[in-house]
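# Secondary and tertiary structure notes
Listed here are the chains, written in short residue letters.
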Amino acid sequence: MNISVDQKGNSKVAIVESPEVVIGDVQAALDLMATVKYTDDCHKILINKANIAEEFFELRTKLAGEILQKYTNYQVKLAIVGDFEGYNSKSLKDFIYECNHGKQFFFVKDNEAGLEALHSVS
């Protein structure tokens, strides 16, 4: 796993890149959050959808809810980059829509959109 930091003014975003799944469960999500928070002093994370277990996108597993609740509790913002059009779940599409209209979590097409979304929130 490689973590680089994109900084714009006082806003710092940790960009996570890995050839494998980084977030497979709640503990892995917490470990990633702790790493970027304490090693890179970032409270914002940009990660590719391929680095997150597919169970995250199946809302009935509750993995997404548990992880996003932890990130909310620790005031960490997250942008997930990828193509989400292939999912047929109405509840997932509604979930993505609601997240993208908030200020905590974003589901975006590319890194540029993710960085823009994360840098625009404090």
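Quick caveat, the model's predicted, so the values are computed rather than measured.

What follows is about the side chain of His119. Residue placement: His119 occurs in helix 4 (residues 111–119). A polar side-chain atom of His119 sits 2.6 Å from a polar atom in the side chain of Ser11. Ignoring anything within four residues of it in the chain, the contact list for His119 reads Asp6, Gln7, Lys8, Ser11, Lys12, Val13 and Lys44.

This part is about the nonpolar core. With 31 residues, the main nonpolar core has Ile47, Phe56 and Tyr71 as its most contacted residues. At the level of secondary structure, the elements contributing two or more residues to this core comprise strand 2 (11–17), helix 1 (26–39), strand 3 (44–48), helix 2 (63–73), strand 4 (77–81), helix 3 (90–100) and strand 5 (105–108). The element best represented in this core is helix 1, accounting for six residues. Ignoring anything within four residues of it in the chain, the contact list for Ile47 reads Val16, Val22, Ile23, Leu32, Ile52, Leu78, Ala79, Ile80 and Val81. In this structure, Leu46, Leu115, Leu118 and Val121 belong to the second largest nonpolar core, which totals 11 residues.

Below, the discussion takes up the pairing of strand 3. Counting buried residues in strand 3 gives four out of five residues, a clear majority hidden from the surface. Taken together, the three bridges between strand 2 and strand 3 define a ladder with parallel strand orientation. If you follow Ile15 over to strand 3, its bridge partner there is Leu46. Considered for its hand, the β-α-β crossover made up of strand 2, helix 1 and strand 3 is right-handed. Traced from strand 3 through helix 2 to strand 4, the parallel crossover comes out right-handed.

Attention shifts here to the sheet that holds strand 1 (residues 2–8). Reading across from one edge, 1-2-3-4-5 is the order of the five strands in this open sheet, with mixed pairing throughout. A single partner strand is all that each edge strand has here, and the edge strands are strand 1 and strand 5. Neighbour-to-neighbour, the strand axes of the sheet open up by a mean angle of 20°, direction not taken into account. Here four bridges tie strand 4 to strand 5, and the two strands are oriented parallel to one another.

The rules behind these values
- Residues numbered from 1 in each chain as written.
- Predicted model: local features only at pLDDT ≥ 70, side-chain atom pairs only at ≥ 80, totals over all residues.
- Heavy atoms only, no water.
- Helix = DSSP H or I, 4+ residues; strand = E, 2+ residues; numbered from the N terminus.
- Polar contact = N/O pair within 3.5 Å; in protein donor to acceptor, adjacent residues only side chain to side chain.
- Contact = heavy atoms within 4.5 Å.
- Core = buried A, V, L, I, M, F, W, Y, C linked by side-chain atoms within 4.5 Å.
- Buried < 20%, exposed > 50% of the residue type's maximum accessible area, 1.4 Å probe, protein only.
- Pairing = 2+ DSSP bridges.
- Right-handed = clockwise from strand over helix to strand, strands pointing away.
- Axes fitted to C-alpha atoms, helices over the stretch in contact; angles between N-to-C directions.

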